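Coordinate inspection notes
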Amino acid sequence: MVISKRPKIGLALGSGGARGLTQIGILKVLNENNIPIDFIAGSSAGSVIGAYYALYENVAGFEKAIRKLSKKDILKLAYANTTRKGITGEKAMEFLMKIIGNKDFSDTKIPLKIIATDMESGKEIWFDKGKLSEAIRASISLPGIFFPAKINGKFYLDGGVVNPTPVDVVKSMGADIVIAVDHTMSSPAKIKDPSIYSSLMRAFEIIRTQIAESKIGKMDKNVILIRIENKKMGDSYNFYNKKFISKGVKIAREHLEEIKMAIENWENINYS
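Residues numbered from 1 in each chain as written. Predicted model: local features only at pLDDT ≥ 70, side-chain atom pairs only at ≥ 80, totals over all residues. Heavy atoms only, no water.

1. Here we look at the pairing of strand β6 (residues 124-127)
- With four bridges connecting them, strand β5 (residues 112-118) and β6 associate as antiparallel partners. Looking at the pairing, I114 lines up with F127 of β6.
- Following β5, the chain reverses through five residues before pairing antiparallel with β6; G122 in that reversal takes a positive phi of roughly 80 degrees. (Pairing = 2+ DSSP bridges. Helix = DSSP H or I, 4+ residues; strand = E, 2+ residues; numbered from the N terminus.)

So this is what it looks like as structure tokens:
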């Protein structure tokens with residue numbers, strides 16, 4: 001007897017700063033092609049876009065808001081509320097909350113987990129309850145840039161510190177097939193006259209890449225990896241570069257047949 005069964009599909013949306021905008025383009029293509037999404041796990045940049053998609057099941061409003069931003073707007077959002085200890089991130093969060101809304105995890109249409117790092121223990125934390133804004137603020141707390149997020153008396157760092165591409169998280173949620181978007185280093189970057197700041201950022205990139213490679217190396221054939229090429233060090237912070245969205249569309253289309261085949265092959269399992 002042949003039983004038609006649709007697999008549960010999960011999205012693992014990775015950290016990567018501005019390169020995370022490629023995920024807008026990727027989700028547009030998945031949405032246009034009616035690829036169903038049952039679970040989402042997001043780390044850092046992936047937590048923001050993942051939360052929006054989990055709430056609204058599309059990225060149209062998010063893309064519209066991002067495309068309106070100029071370089072000047074980005075700099076204002078990034079460096080407002082700066083103290084000697086770093087950037088508080090208040091203005092950036094105000095902007096994000098205007099897009100996402102004052103929502104809880106319970107408001108999402110798609111089950112969502114957001115990854116952050118417990119600053120005291122160094123352990124990986126999966127947020128799935130409470131205010132989305134608090135979990136997102138924790139997940140984007142890039143070391144050396146934003147203040148650590150404080151939730152219920154505990155401090156949290158960027159999710160990319162412990163799990164840049166959270167495949168294992170979305171699999172634990174019940175996903176049979178995982179579409180994973182990875183923004184870690186894919187090739188060496190050209191280094192010219194590095195500063196303390198660029199050295200710190202590069203060190204973080206190296207750490208993220210080593211962790212991702214360790215986790216991705218354990219993946220099975222039911223994981224479709226969409227790896228975003230990362231050649232320029234400054235790419236992570238160019239949030240005004242709208243080409244990332246177009247790049248996401250292009251690369252998603254390149255993987256579309258692979259995704260469809262994975263779903264089709266799963267549906268055609270023979271049960272005796």
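2. With respect to the nonpolar core
- Counting 61 residues, the largest nonpolar core has L30, I40, I100, F127, L132 and I136 as its most contacted members.
- With nine residues, the single largest contributor to this core is helix α9 (residues 243-267).
- If sequence neighbours within four positions are ignored, I136 has contacts with S47, V48, A51, M93, M97, I100 and I114.
- One finds A41, V167, V169 and A180 within the second-largest nonpolar core, a separate group that totals 13 residues. (Core = buried A, V, L, I, M, F, W, Y, C linked by side-chain atoms within 4.5 Å. Buried < 20%, exposed > 50% of the residue type's maximum accessible area, 1.4 Å probe, protein only. Contact = heavy atoms within 4.5 Å.)

3. Focus: the packing of aromatic side chains
- Under the counting rule described, the total for this entry stands at three aromatic pairs.
- Measuring from centroid to centroid gives 4.7 Å for Y52 and Y56, while their planes differ by 50 degrees, and the two rings are tilted. With Y52 and Y56 both in helix α2 (residues 45-56), this residue pair falls four residues apart, about one helical turn.
- The exposure class of Y56 is partly exposed, given its relative accessible area of 29%.
- Ring geometry for Y52 against F62: centres 5.5 Å apart, planes inclined by 70 degrees, an arrangement best described as edge-to-face. Here the residue Y52 occupies a position in helix α2, and F62 occupies one in helix α3 (residues 60-67), the gap between them amounting to ten residues.
- For Y52, a relative accessible area of 8% corresponds to the buried category.
- Among the aromatic residues, ring-to-ring pairing joins Y52, Y56 and F62 into one connected group. (Phe/Tyr/Trp six-rings, centres within 6.5 Å; stacked < 30°, edge-to-face > 60°.)

4. Comments concerning the pattern of salt bridges
- Under the counting rule described, the total for this entry stands at nine salt bridges.
- The residue K131 makes a salt bridge to D104 at a minimum N-O spacing of 3.4 Å. Here the residue K131 occupies a position in the loop between β6 and α6 (132-139), and D104 occupies one in the loop between α5 (90-100) and β5, the gap between them amounting to 27 residues.
- Judged by relative accessible area, which is 32%, K131 ranks as partly exposed.
- Across the pair K250 and E254 runs a salt bridge, and its minimum N-O distance is 2.7 Å. Taken as a pair, K250 and E254 lie in helix α9 at a separation of four residues, close to a single helical turn.
- Take K250: its relative accessible area is 53%, and that puts it in the exposed class. (Salt bridge = Lys/Arg side-chain N within 4 Å of Asp/Glu carboxyl O.)

5. A closer look at the packing of α2 against α5
- At a minimum axis distance of 10 Å, the contact between α2 and α5 shows a crossing angle of 20 degrees. Our classification of the angle between α2 and α5 gives roughly parallel. Taken as a pair, α2 and α5 cross one another with a handedness that is right-handed. For the pair α2 and α5, the contacting residues are V48, A51, Y52, L55 and Y56 in the first and L96, I99 and I100 in the second.
- Of the residues contributing to the contact of α2 with α5, the split by class is eight nonpolar, no polar and no charged. (Axes fitted to C-alpha atoms, helices over the stretch in contact; angles between N-to-C directions. Parallel < 35°, antiparallel > 145°, perpendicular 65-115°, else oblique. Left-handed = near helix turned anticlockwise from the far one by under 90°. Nonpolar A, V, L, I, M, F, W, Y, C, P; charged D, E, K, R; others polar.)

6. Looking at the environment of Y52
- Spatially, the C-alpha atom of Y52 lies 8.1 Å from that of I99, the residues being 47 residues apart in sequence.
- With near-sequence residues (within four places) excluded, Y52 lies in contact with E57, N58, V59, G61, F62, I99 and I100.
- Polar contacts involving the side chain of Y52 include one to the main-chain amide nitrogen of F62, which spans 3.5 Å. (Polar contact = N/O pair within 3.5 Å; in protein donor to acceptor, adjacent residues only side chain to side chain.)

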